[in-house]
Amino acid sequence: MEQAALVNLWFAMTLYMVATVLYVYHFVAKRPVFAWYATFATGAGFLTHTASIGLHWGATQEVPITGAFNSLSLTAWALILIYFVVEHLVKLKLYGTVLVPVAFVAMAIAQISLGSTGAELTADALEQLDSWRVAIHVAMIMTANAGFAVAAAASAVYLVQGAQLKKHKTSALMKRLPSLTQTQQLARRAIMLAYPVYTAGMLLGIIRAIEFGLPAWWFDPRVMLSGVVWGIFGSYLFLHYKSGASGKLLARIALVGLVAVVVLAVIARTVPTGFHIFGL
Amino acid sequence: MHLTLVGLSHKTAPVEIREKLTFPAHRQEEALSLLMATPDVAEAVILSTCNRTEIYAVTAAGADGSAAVIDFLADYHDLDRHELVRYLYFSEGEAVVRHLFRVVASLDSMVIGEAQILGQVKEAYEHAFGTESVGRVFNRLFRQSFEVGKRVRTETDIGENAVSISYAAVELAKKVFDSLDGRTILILGAGKMSELTAKHLVCNGVKSVLVANRTYERAEELAGRFSGEAIRYDELFERMREADIVISSTAATHHVITKEQVAPTMRGRKGNPLFLIDIAVPRDIDPDVNELDDVFLYDIDDLNGVVESNLEERMREARRAEEIIAEEMVAFERWIESMEVVPTVAAIRAKAEQVRMAELEKALKRLGGLSEKELKTVEALTSSIVNKMLHGPTARLKMVAGEKDGYDYIEAARFLYGLDTNPEGKPAHQGLIKTLLGKAERAAGRAADKSAQNEMGDTLGC
């Protein structure tokens, strides 16, 4: 079963790669048929990926949430899932050009650099993870991170399109990119959905930490960075709804938020301090 | 059978001539009936738009199709024939196919890429279809031309980019707001240009129109045309908070909208952009306004720049459209070849010969040990039977091929002999294509000056 999970994972990665090429080609050449193929390849990749996660889970009898490999793989999975929701809502294939390559790169790093196994954990760590709250905590944080990534992608598109319009450029890029209000709305909705999920995920993690009686759990670098991420996206919503900040400022905040998420996910892992280390 | 085109367009005739040669929809039935009554015309379609009048016809082999159509045009509109031909262009054969495909693809339009022409050609075809003026050739040709039009519009961006100032403004507004549904525009100044731009915006879904003018009565007048609201000039910046798009076109000689005045109106908009269109010369809006976040200002030069860039884009797309047309012409030529009499006869003979040889082989096996003389006799016997059986049908087929319903006979023959595909070994693009598409004539130098490339001219000696 483990072997089948691995094969499925390679297939998923290959399909994401194919989808990436097709999305980019569609964006450049504006051929709708290629967008359809790209969506098909992404969908097939997603199903294969899901099967791989399920098979891996079945083979190891452990929820695949530990270690950098699983984190990246689940992030890629959540990103594709969110992308499909976005594509369904805004009927735009453009975001596939941005998000599917990110998922592919995450998968490639996970597969090539980290191997497909979970982390070797101490008995203490295994005890900490032995709770339904932890599984839901991880799922929620991953989903919220995917939502933040979508918001950041839309914000990046907003800034590029805004700059084109400000400079009165009528380039092919300007014509391909969606309108400002659409990208702004997508970013706002993604954050509005992801933020409560992130908050709930954090709360579950805090409850588990308190329940397990971890001393100074809040001093863990990942917990603190999570607070920073929470604060950044919270300020986005506050600035939008309460102070009517400009679209440009909000887009920049969303991008800073994503940077914080990446720092939290990648760099914080390389600092082997705190309790929140479940395998590098 | 020949394909013939006679027409005039904005490229060859001024409007005072074009308006004399129109065929309004309600008179097309009558006109087509008259045209079809001409002995040399087998099929006909009349395309009549504000920029062109064209008559497409399938005419009998050997007849001067162009002359027949010109006579009809002159008689129908009661015009002097010699005067008329000065404005006409003529095409025959393959050039007609290319011309029609280019027309449908809007490559021959006044504004390349405009969308109306496809619908107009469809309408013309429907009129002809309704009056039974189209047959096998035009049914195929026009239906394929619609495919060409569709392909060009879907596979290229030829119709994507606005090529007028007012449409460019709409296009840009859509890049800011996506949809204009429910948006509010504020018109400053009651000039014609701002009215036209506002009209396009309203047609694209803008819901509310606010009009401000130094003279309140003029503001009311313009607002009335859009079921909008006239506002006092001193309320301008207060009401600007409600607007998504501002169109300014006053006769002021100084900036009437400055950065300092717009900045307060942007507060509390929750990041909603403001799109300002300044079509006044001298400009009404201080260019520094563009420096404000969420504000996008375009003046007349910026809009002209957009139009020029879009025109260049359309020209690039037109080259891609020409490639599609070339592909479709090959497809049409293949079809027309399959309707050709010479290869059809050859195919019938080849098939009969195949059957003869197979049957002869079987018979010789059964007979066995025939002398050379007997063998030659049997061979000659079978050949003679086949030739005599085929002589009548093939000779009649050749005879009727050039007549009005020639294609029906050829198609029937192909069906009866089971020749659904081109016979093996038949060289591409020969035979009928040379006659129907006029290559033979061009080769003989008879119609060298009648091609689509030389559409303009008085080739009938006028």
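This write-up is about the structure you can find in this document.

Cut-offs applied
Residues numbered from 1 in each chain as written. Chains lettered and ligands numbered in written order. Predicted model: local features only at pLDDT ≥ 70, side-chain atom pairs only at ≥ 80, totals over all residues. Heavy atoms only, no water. Axes fitted to C-alpha atoms, helices over the stretch in contact; angles between N-to-C directions. Helix = DSSP H or I, 4+ residues; strand = E, 2+ residues; numbered from the N terminus. Parallel < 35°, antiparallel > 145°, perpendicular 65-115°, else oblique. Left-handed = near helix turned anticlockwise from the far one by under 90°. Contact = heavy atoms within 4.5 Å. Nonpolar A, V, L, I, M, F, W, Y, C, P; charged D, E, K, R; others polar. Core = buried A, V, L, I, M, F, W, Y, C linked by side-chain atoms within 4.5 Å. Buried < 20%, exposed > 50% of the residue type's maximum accessible area, 1.4 Å probe, protein only. Pairing = 2+ DSSP bridges. Right-handed = clockwise from strand over helix to strand, strands pointing away. Buried area = accessible area lost by both parts, 1.4 Å probe. Salt bridge = Lys/Arg side-chain N within 4 Å of Asp/Glu carboxyl O. Polar contact = N/O pair within 3.5 Å; in protein donor to acceptor, adjacent residues only side chain to side chain. Expected span 1.5 Å × (residues − 1). Patch = residues over 30% accessible without salt bridge, like charges linked within 9 Å, V, L, I, M, F, W, Y side chains within 5 Å. Areas by Shrake-Rupley, 256 points an atom, 1.4 Å probe, with all protein chains shown as cover.

A few points about the packing of helix α8 (residues 165-177) of chain B against helix α9 (residues 192-203) of chain B
Residues and elements named next belong to chain B.
Alright, step 1. Put simply, α8 and α9 touch, their axes get as near as 9 Å, and they point 45° apart. When the axis of α8 is compared with that of α9, the two are oblique. Crossing handedness for the pair α8 and α9: right-handed. Residues Ile165, Ser166, Tyr167, Ala169, Val170 and Ala173 of α8 form the contact with α9, whose own contacting residues are Met193, Leu196, Thr197, His200 and Leu201.
Alright, step 2. Here the contact of α8 with α9 is built from residues that sort into eight nonpolar, three polar and no charged.

Quick notes on the nonpolar core
All names here are of chain B.
Alright, step 1. Ranked by size, the top nonpolar core spans 66 residues in total, and within it Tyr56, Leu88, Val121, Phe138 and Phe142 carry the most contacts.
Alright, step 2. Here this core takes eight residues from helix α13 (residues 300-338), the largest share from any one element.
Alright, step 3. Those residues in contact with Phe142 that sit more than four places away from it in its chain are Val45, Tyr56, Leu100, Val121 and Tyr125.

As for the pairing of strand β9 (residues 274-278) of chain B
Residue and element names in this part refer to chain B.
Alright, step 1. β9 sits mainly inside the fold: five of its five residues count as buried.
Alright, step 2. Judged by which residues are buried, β9 turns out to be covered on both faces: Leu274, Leu276 and Asp278 on one side and Phe275 and Ile277 on the other are all buried.
Alright, step 3. Looking at chain direction, strand β8 (residues 245-248) and β9 are connected through four bridges and run parallel. If you follow Ile247 over to β9, its bridge partner there is Ile277.
Alright, step 4. A crossover links β8 with its parallel partner β9, the connecting element being helix α12 (residues 259-266), and its sense is right-handed.
Alright, step 5. As judged from the five bridges shared by β9 and strand β10 (residues 295-299), these two strands associate in the parallel manner.

With respect to the interface of chain B and chain A
Alright, step 1. With 29 residues of chain B in contact, the opposing surface of chain A contributes 27 residues.
Alright, step 2. Interface area for chain B against chain A, summed over the two sides, is near 2,300 Å², with a carbon-plus-sulfur share of 46%.
Alright, step 3. The three residues of chain B that bury the most area against chain A are Lys175(B), Lys270(B) and Phe296(B), which together make up 30% of that side's buried surface.
Alright, step 4. The tally of links from chain B across to chain A stands at two salt bridges.
Alright, step 5. In this structure, Lys248(A) engages Asp293(B) in a salt bridge whose closest nitrogen and oxygen atoms are separated by 3.9 Å.
Alright, step 6. The tally of links from chain B across to chain A stands at 18 residue pairs in polar contact (both at pLDDT 80 or more).
Alright, step 7. The element contributing the most residues to the side of chain B that touches chain A is α13(B), with six residues.

Structural notes on the sheet that holds strand β1 (residues 2-9) of chain B
Residues and elements named next belong to chain B.
Alright, step 1. Pairing is antiparallel in the open sheet, where four strands are placed in the order β2-β3-β1-β4. Both edges of this open sheet fall to β2 (41-48) and β4 (89-92), since each of them pairs with a single strand only. Adjacent strand axes in the sheet meet at a mean angle of 15°, parallel and antiparallel pairs treated alike.
Alright, step 2. Note that β1 and strand β3 (residues 52-59) share eight bridges and pair antiparallel. If you follow Gly7 over to β3, its bridge partner there is Glu54.
Alright, step 3. Set on the sheet, helix α5 (residues 94-104) makes contact with β1, β2, β3 and β4; between it and β3 the angle comes to about 145°.
Alright, step 4. Running over the sheet, helix α7 (residues 136-155) touches β1, β2 and β3 and is turned about 30° from β2.

What to know about unusual backbone geometry
Residues and elements named next belong to chain B.
Alright, step 1. Put simply, Val281 and Pro282 share a cis peptide bond, and its omega is 0°.
Alright, step 2. Following the sequence through the fold, Pro282 ends up in the loop between β9 and β10.
Alright, step 3. The phi torsion at Asp78 lies on the positive side, around 55°, for a residue other than glycine.
Alright, step 4. Assignment of secondary structure puts Asp78 in the loop between α3 (65-77) and α4 (81-84).
Alright, step 5. Of note, Ser227 is a non-glycine position whose phi angle comes to about 50°, a positive value.
Alright, step 6. Mapped onto the fold, Ser227 is located in the loop between α10 (216-225) and β7 (229-231).

A closer look at α3(B)
Residues and elements named next belong to chain B.
Alright, step 1. Spanning 13 residues, α3 covers 18 Å between terminal C-alpha atoms, matching the ideal 18 Å at 1.5 Å per step.
Alright, step 2. A large share of α3 lies buried, amounting to eleven of its 13 residues.
Alright, step 3. Within the sequence span of α3, burial applies to Gly65, Ser66, Ala67, Ala68, Val69, Ile70, Phe72, Leu73, Ala74, Tyr76 and His77.
Alright, step 4. Those residues of α3 hidden inside the fold are in contact with β1, α2 (25-36), β2, β3, α4 and β4.
Alright, step 5. A positive backbone phi angle near 55° is found at Asp78, which sits one or two residues after α3.

Comments concerning the environment of Tyr16(A)
Residues and elements named next belong to chain A.
Alright, step 1. Note that Tyr16 resides in helix α1 (residues 2-29).
Alright, step 2. With near-sequence residues (within four places) excluded, Tyr16 lies in contact with Thr42, Gly45, Phe46, His49, Ile80, Val100, Phe104 and Met107.
Alright, step 3. There is a polar contact of 3.1 Å between the side chain of Tyr16 and the side chain of His49.

Regarding the side chain of Gln184(A)
Alright, step 1. Examined against the element boundaries, Gln184(A) turns out to sit in helix α8 (residues 180-212).
Alright, step 2. Residues contacting Gln184(A), with those up to four places away along its chain left out, are Tyr158(A), Tyr236(A), Gly247(A), Gly271(B) and Pro273(B).

Some thoughts on a nonpolar patch on the surface
Alright, step 1. A cluster of nonpolar side chains, Val33(A), Trp36(A), Tyr37(A) and Phe40(A), forms an exposed patch at the surface whose accessible area comes to about 460 Å².
Alright, step 2. Assessed through its relative accessible area of 41%, Tyr37(A) is described here as partly exposed.

Concerning the sheet that holds strand β5 (residues 184-188) of chain B
All names here are of chain B.
Alright, step 1. Reading across the sheet, the six strands line up as β7-β6-β5-β8-β9-β10 and stay open at both edges, with parallel pairing between neighbours. Taken across any chain shown, the strands that pair with only one partner, and hence form the sheet edges, are β7 and β10. Averaged over all pairs of adjacent strands, the angle between their axes in this sheet comes to 20°, without regard to strand direction.

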